[in-house]
2 protein chains.
Amino acid sequence: MQTLVPFSATNPKTRLSPTLTDSERTRLSRLMLQHVVETLTTVGYEPTVVTTAPLAVSLPAVADTVIDSQPLTAAINARLGAEPTLIVMADLPLLTPATVGRLTTDAEITIAPGVGGGTNAVYIREPAFRVDYHGASYRDHCQIAADCGATVETVDSRRLATDIDEPQDLVEVLLHGEGRVRAWLEDVGFELETGDGRVQLSRST
Amino acid sequence: MQTLVPFSATNPKTRLSPTLTDSERTRLSRLMLQHVVETLTTVGYEPTVVTTAPLAVSLPAVADTVIDSQPLTAAINARLGAEPTLIVMADLPLLTPATVGRLTTDAEITIAPGVGGGTNAVYIREPAFRVDYHGASYRDHCQIAADCGATVETVDSRRLATDIDEPQDLVEVLLHGEGRVRAWLEDVGFELETGDGRVQLSRST
């Protein structure tokens with residue numbers, strides 16, 4: 001079994017630009033990558049980070065890094081085939097070892113959808129399956145699995161659903177996260193603002 | 001064991017007003033209530049709807065309805081004590097029987113947090129525990145449980161985390177929902193719009 005963590009190294013997380021500077025977005029994306037890779041190694045996996053450009057990030061020794069400048073979908077599909085493959089996105093700061101364990105089911109395709117229809121993790125045991133990360137990929141992946149005649153299981157996990165794309169997503173890290181990502185957000189001044197509705201993000205300057 | 005479903009009958013779901021008319025918000029809130037109550041009865045519970053005003057909604061025969069005009073927190077706390085109690089919010093259109101099953105753990109307090117720090121469901125087996133639904137209630141409920149010396153388990157469920165407060169939440173119903181709530185959203189013209197980022201909501205007129 002192989003474990004892949006795709007990583008977009010250049011100008012990451014643009015939708016956070018109302019809230020974070022360019023260098024902060026770069027820093028956050030690398031901290032989240034470290035968190036995901038370390039969590040995967042904690043449960044015994046040896047992840048390969050598939051990155052669009054060289055990375056200066058300290059990762060566990062069992063993790064490998066390969067540079068592939070193709071778009072995400074092509075870079076991943078070039079590595080799919082007979083070997084069972086777990087693909088986990090690099091922006092999941094609520095990932096825990098227990099959550100990772102929920103991804104390896106008996107189904108031929110196990111999908112953890114993200115908020116807004118993305119695919120935050122997928123475990124592939126069907127050799128003909130290929131990914132398509134453009135647009136509403138959760139639906140597309142269910143359809144691709146059906147086209148392969150593969151069984152599908154969808155993981156019902158809030159932690160796996162919480163990828164970080166928009167400022168409000170950072171609220172979930174401050175509420176439920178542990179470790180380096182949350183610590184950094186607090187270090188740079190983010191905090192929770194409680195009112196009548198959902199908790200909001202604020203930043204002390 | 002008792003099962004309570006609090007329901008705010010008057011001017012519901014005000015944060016959906018950019019997207020839905022007053023009568024549509026009323027209709028949606030009642031469809032979601034029906035969905036939650038029916039799902040609970042499917043797994044053998046006999047829920048009591050605690051509503052702020054009389055309701056003209058068809059509910060399963062095993063469901064009971066009581067009118068309590070107090071604020072939510074007071075209305076619920078008036079019913080807590082020695083009897084184990086499951087409290088499930090009325091705005092969870094992704095609730096399924098399997099998801100309900102995850103709420104009854106061996107912990108004295110089991111909490112399913114909502115997006116943004118709310119408490120979408122709580123299963124209480126500690127007689128001294130009381131709820132506080134104001135503000136960031138997930139954190140407050142963890143603290144109240146600690147003050148009681150009660151064990152706490154947090155349920156990691158995307159379906160339980162998805163309450164409907166803001167227009168973007170409706171995307172999740174169109175992506176993952178089944179049954180009457182999704183069917184109604186489609187009937188009144190909502191559909192998904194796929195682009196590069198998260199799926200967005202659009203409405204045909």
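Above this text you will find the structure in question.
Here is a short report on the structure shown in this document. (Residues numbered from 1 in each chain as written. Chains lettered and ligands numbered in written order. Predicted model: local features only at pLDDT ≥ 70, side-chain atom pairs only at ≥ 80, totals over all residues. Heavy atoms only, no water.)

### Side note on the overall build of chain A
- Within chain A one finds seven helices and nine strands.
- Here chain A has a C-alpha radius of gyration of 17 Å; the compact-globule value for 205 residues is 17 Å, and the two agree.
- In terms of principal-axis extent, the alpha carbons of chain A reach across some 55 × 40 × 30 Å.
- Evaluated residue by residue, chain A yields a buried proportion of 55% over its 205 residues.
- In chain A, the proportion of contacts linking residues at least 24 apart, taken out of those at least 6 apart, comes to 60%.
- Total accessible area computed for chain A in this model is approximately 8300 Å², and 47% of it derives from carbon and sulfur atoms.
- Put simply, chain A has 16 plus and 27 minus side-chain charges, and the middle of one group is 2 Å from the middle of the other. (Helix = DSSP H or I, 4+ residues; strand = E, 2+ residues; numbered from the N terminus. Rg over C-alpha atoms; globule rule 2.2 N^0.38 Å. Buried < 20%, exposed > 50% of the residue type's maximum accessible area, 1.4 Å probe, protein only. Contact = heavy atoms within 4.5 Å. Areas by Shrake-Rupley, 256 points an atom, 1.4 Å probe, with all protein chains shown as cover. Lys, Arg positive; Asp, Glu negative; His and termini not counted. Charge placed at Lys NZ, Arg CZ, Asp CG, Glu CD.)

### Regarding the nonpolar core
- If you look at the biggest cluster of nonpolar residues, it comprises 43 residues, and the most contacted ones within it are Ile87 and Val88 of chain A.
- Residue assignment for this core shows that the elements contributing at least two residues are strand 1 (2–7), helix 1 (22–42), strand 2 (48–51), helix 2 (72–77), strand 4 (85–88), strand 5 (109–113), strand 6 (119–124) and helix 4 (137–147) of chain A.
- With near-sequence residues (within four places) excluded, Ile87 of chain A lies in contact with Leu4, Pro6, Ile76, Leu80, Asn120, Ala121, Val122, Ile124, Val131 and Tyr133 of chain A.
- Counting 39 residues, the second-largest nonpolar core is a separate cluster that includes Ile76, Ala90, Ile111 and Ala112 of chain B. (Core = buried A, V, L, I, M, F, W, Y, C linked by side-chain atoms within 4.5 Å.)

### Some details on the relation of the copies chain B and chain A
- Rotating chain B by 180 degrees about the axis while translating it 0.0 Å along that axis superimposes it on chain A, leaving an RMSD of 0.0 Å. As the rotation angle and translation indicate, the two copies are arranged about a two-fold axis.
- When the interface residues of chain B are mapped onto chain A, 100% of them again lie at the interface, so the same face is used by both copies. (Least-squares fit on C-alpha atoms with pLDDT ≥ 70 in both.)

### Regarding the side chain of Thr110 of chain A
Residue and element names in this part refer to chain A.
- Tracing the backbone through its elements, the reader meets Thr110 in strand 5.
- There is a polar contact of 2.6 Å between the side chain of Thr110 and the side chain of Thr105.
- Setting aside residues no more than four positions away along its own chain, Thr110 makes contact with Arg102, Leu103, Thr105, Ala121, Val122, Tyr123, Glu153 and Val155. (Polar contact = N/O pair within 3.5 Å; in protein donor to acceptor, adjacent residues only side chain to side chain.)

### Quick look at the sheet that holds strand 4 of chain A
Residue and element names in this part refer to chain A.
- Strand order in the open sheet made by the seven strands is 3-2-1-4-6-5-7, with mixed pairing throughout. The sheet is open, and its two borders are formed by strand 3 (64–67) and strand 7 (152–154), each paired with just one other strand. Strand after strand, the sheet turns through a mean of 20 degrees between neighbouring axes, direction not considered.
- Bridge analysis of strand 5 against strand 6 gives five bridges, and the strand direction is antiparallel. Bridging across to strand 6, Pro113 finds its partner in Thr119.
- The strands touched by helix 1 are strand 1, strand 2 and strand 4; relative to strand 1, the strand with the most contacts, the crossing angle is about 175 degrees. (Pairing = 2+ DSSP bridges. Axes fitted to C-alpha atoms, helices over the stretch in contact; angles between N-to-C directions.)

### A look at the interface of chain B and chain A
- Listed as interface residues are 36 residues of chain B and, on the opposing side, 36 residues of chain A.
- Between chain B and chain A, the buried area comes to about 2800 Å², and carbon and sulfur atoms account for 45% of it.
- When the buried area of chain B at its contact with chain A is split by residue, Asp156, Arg158 and Arg198 of chain B rank highest and sum to 29% of it.
- Our count for the contact surface shared by chain B and chain A stands at 10 salt bridges.
- Linking Arg198 of chain B and Asp169 of chain A is a salt bridge whose minimum nitrogen-to-oxygen distance equals 3.0 Å.
- Along the contact surface separating chain B from chain A lie 20 residue pairs in polar contact (both at pLDDT 80 or more).
- Among the elements of the structure, helix 4 (137–147), helix 5 (158–161) and helix 6 (169–176) of chain B are those that each provide at least two residues to the side of chain B that touches chain A.
- In terms of residue count, helix 6 of chain B provides more of the side of chain B that touches chain A than any other element does, six residues in total. (Buried area = accessible area lost by both parts, 1.4 Å probe. Salt bridge = Lys/Arg side-chain N within 4 Å of Asp/Glu carboxyl O.)

### Here we look at the sheet that holds strand 7 (residues 152–154) of chain B
Residue and element names in this part refer to chain B.
- One open sheet accounts for seven strands, arranged 3-2-1-4-6-5-7; its pairing is mixed. Across the chains shown, the open sheet's two edge strands, defined by having one partner strand only, are strand 3 (64–67) and strand 7. If you compare each strand with its neighbour and ignore which way they point, the axes differ by 20 degrees on average.

### Observations concerning the side chain of Thr119 of chain B
All names here are of chain B.
- Structurally, Thr119 is set in strand 6 (residues 119–124).
- A relative accessible area of 4% places Thr119 in the buried class.
- A distance of 2.8 Å separates a polar atom in the side chain of Thr119 from a polar atom in the side chain of Ser137.
- Residues within four places of Thr119 in sequence aside, it is in contact with Met89, Ile111, Ala112, Gly114, Tyr133, Ser137, Tyr138 and His141.

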